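Summary of structural features
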Amino acid sequence: MRILFAVDEHSYSANALPLVARLGKNTWADITLLLTQIKGTLASSKSAGLKGKTVPGANTVLGTYHLQLLEHFDPATSPYIQSDPDDKDAIHIQKEITTCLRKGNPAREILEQAKKDECDLIIIGCSSQKECSWKDGGKVPLWVANEAECSVLVIKEDKAINKVLCCLDHDSISQDSLEMVSQMVTLLNADLDIVVLTESEDVQEKIDKKLAWLVSYYTARDIFPYIELVKLASLETFISQQARWGLMAMWMGKKSILQRVFPSNKVSRLLKANESSLLLLR
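Thresholds, definitions, all that
Counting of residues starts from 1 at the beginning of each chain's written sequence and follows it residue by residue. Local features in a predicted model are, by the rule used here, given only for residues with pLDDT of at least 70; side-chain atom pairs are given and counted only at 80 or more, and totals for whole chains, interfaces and linings are based on all residues. To get the side-chain values, all heavy atoms of the structure are used, and hydrogens and water are removed first. Throughout, the protein atoms alone are placed on a 1 Å grid, and a set of points is a cavity if a 1.4 Å probe fits but cannot get out or a pocket if it is open with protein on both sides within 12 Å along at least five of seven lines; lining residues have an atom within 4 Å of a point. Grid points are joined across faces, edges and corners, and a volume is the space filled by probe spheres set on the points. In DSSP terms, a helix is any run of H or I states spanning at least four residues, a strand is any run of E spanning at least two, and both are numbered starting from the N terminus. Residue burial is assigned from relative accessible area. The probe radius is 1.4 Å, only protein chains are included, and a residue is buried under 20% of its type maximum, exposed over 50%, and partly exposed in between. Following DSSP output, two strands are said to pair if at least two bridges run between them. Each salt bridge in this description consists of a side-chain nitrogen of Lys or Arg and a carboxyl oxygen of Asp or Glu lying within 4 Å of one another. In this text, buried Ala, Val, Leu, Ile, Met, Phe, Trp, Tyr and Cys residues form a nonpolar core when linked through side-chain atoms within 4.5 Å. Fitted lines through C-alpha atoms serve as axes, helices being fitted only where they are in contact, and the angles separating the N-to-C directions of these axes extend from 0 to 180 degrees. Note: crossing handedness is left-handed where the near helix turns anticlockwise from the far helix by less than a right angle, and right-handed where it turns clockwise. Any two residues whose heavy atoms approach within 4.5 Å at even a single point are treated as in contact. Three classes are used: nonpolar for Ala, Val, Leu, Ile, Met, Phe, Trp, Tyr, Cys and Pro, charged for Asp, Glu, Lys and Arg, and polar for all others, with Gly counted as polar. Think of it as the arc spanned by the lines of direction from the helix axis to the C-beta atoms. Each Phe, Tyr or Trp ring, with Trp reduced to its six-membered ring, pairs with another whose centre is within 6.5 Å; inter-plane angles below 30 degrees give stacked pairs, above 60 give edge-to-face pairs, and intermediate values give tilted ones. Charge over a ring is defined by NZ of Lys or CZ of Arg lying within 6 Å of the ring centre and within 35 degrees of the ring normal.

**Here's the deal with the layout of surface pockets**
Here the largest pocket defines a volume of roughly 250 Å³. Looking at the largest pocket, the residues that line it are Met-1, Asp-120, Cys-150, Ser-151, Ser-174, Asp-176, Ser-177, Glu-179, Met-180, Gln-183, Leu-281 and Arg-282. Broken down by element, the residue count for the lining of the largest pocket peaks at five residues, all from helix H5 (residues 175–188).

**As for the pairing of strand S5 (residues 121–126)**
With six of its six residues buried, S5 lies for the most part within the structure. Burial of S5 is two-sided: the residues Leu-121, Ile-123 and Gly-125 facing one way and the residues Ile-122, Ile-124 and Cys-126 facing the other way are all buried. Sheet topology note: the strand S1 (residues 2–7)/S5 ladder contains four bridges and is parallel. Along S5, the bridge assignment pairs Leu-4 with Ile-122.

**Some thoughts on the pattern of salt bridges**
Oppositely charged side chains may form a pair once their charged atoms are brought near each other. Considering all chains together, one arrives at five salt bridges under this definition. Residue Arg-108 is joined to Glu-109 by a salt bridge in which the shortest nitrogen-to-oxygen separation is 3.8 Å. Taking the relative accessible area as the measure of exposure, Arg-108 reaches 42% and is therefore partly exposed. Residue Glu-109 is classed as buried on the basis of its relative accessible area of 7%. The partner of Glu-179 in a salt bridge is Arg-221, and the shortest N-O contact between them spans 4.0 Å. One end of the pair, Glu-179, is in helix H5; the other, Arg-221, is in the loop between helix H6 (204–219) and strand S9 (226–231), with 42 residues separating them in the sequence. Among the residues examined, Arg-221 registers a relative accessible area of 34% and is labelled partly exposed. Here the salt bridges share partners, and the residues they tie into one network are Arg-102, Arg-108, Glu-109 and Glu-112.

**Thoughts on helix H4 (residues 140–147)**
A turn of α-helix holds 3.6 residues, and therefore any two residues three or four places apart point the same way. By the criterion of burial, H4 is predominantly enclosed, with six of the eight residues buried. Of all the residues in H4, the buried ones are Val-140, Pro-141, Leu-142, Val-144, Ala-145 and Asn-146.

**Topic: the nonpolar core**
In terms of nonpolar packing, the biggest core is built from 51 residues, with Leu-69, Ile-123, Leu-153, Met-184, Leu-192, Tyr-218 and Leu-279 touching the most fellow members. Counting residues in hydrophobic clusters, the runner-up holds 37 residues, among them Cys-100, Leu-142, Cys-150 and Cys-167.

**Things to note about the packing of helix H1 (residues 11–27) against H5**
Running from N to C, H1 and H5 cross one another at 115 degrees; their axes reach a closest spacing of 11 Å. Crossing angle aside, the handedness with which H1 passes H5 is right-handed. Every residue of H5 that contacts H1 at Leu-19, Arg-22, Leu-23, Asn-26 and Thr-27 is listed here: Gln-183, Met-184, Leu-187 and Leu-188. Taken together, the residues of the contact of H1 with H5 sort by class into five nonpolar, three polar and one charged.

**Let's talk about helix H2 (residues 60–70)**
For H2, the set of buried residues is Leu-62, Gly-63, Tyr-65, His-66, Leu-69 and Leu-70. Each buried residue of H2 lies within a common arc of 165 degrees when the element is viewed along its axis, so the set occupies one face.

**Comments concerning the packing of aromatic side chains**
Throughout the structure, instances matching the rule amount to four aromatic pairs. Judged by centre distance (5.1 Å) and plane angle (70 degrees), the ring pair of Phe-73 and Tyr-80 falls under edge-to-face. Comparing Phe-73 with Tyr-80 shows no difference in burial state: the two are buried. Ring centres 5.0 Å apart and planes at 85 degrees place the aromatic pair Tyr-217 and Tyr-218 in the edge-to-face group. Tyr-218 matches Tyr-217 in its accessibility class, with the two residues each being buried. An aromatic cluster is present here, built from Trp-213, Tyr-217 and Tyr-218 joined pairwise through their rings. Seen from the ring of Tyr-217, Arg-221 lies directly overhead, with NZ or CZ sitting 3.7 Å from the centre.

Take a look at the structure:
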């Protein structure tokens, strides 16, 4: 797994960092720390994550984030601390934290870096205000959420995540998306509410079979979800009433009927209208 953590120098980015660390620790993901600048010099560097060392080639902001990220790991077990190659008794782990500074339009640079790195997940923080924006970059989180080819997690500042509301198209659910929801619920110690979408022509036996499979999948992981059936035509109204939720997870793969309900303009509206953080699964 590869995670791209897109940051700027403001507090909402720092607020998202602990969850990035927890995901990295749980999945042993390779992590790219990306800072974008409209003006500045393009530079990049890679580090194995040597605790207490500065990151060569990266600016002060990236170096600070890099060291703060490493502080969440025990040096004795961290997958990002490489052993001395001359130490024959050491275990050599090839996971990386990559720091990257790119010049240009922030949203475009984030999307291009994610594509270049073949990222599975982009994590980006934003203000808790309705605009869901960056202070210096405007609607960067909205553009990234709408246009990314991979999954995107938008974390709103100062919003505790105690519950996860997960909207699933019962006809088209990827294994990766189910696992990502499982990771989030476990790491956040959150309750899980699964909304299974139905249409008028759905056969109840088909729905019951899928529900039984979902419950079995999560209970095997010590997660005991609450299941709700919601008609597709009522989904937008239902979600608008769920602003209290800490995190909404939505399966937005190419085959998902959620693509019909929430095209890109409605995803932006969803982010701006609700207090919840949002995980778009692709």
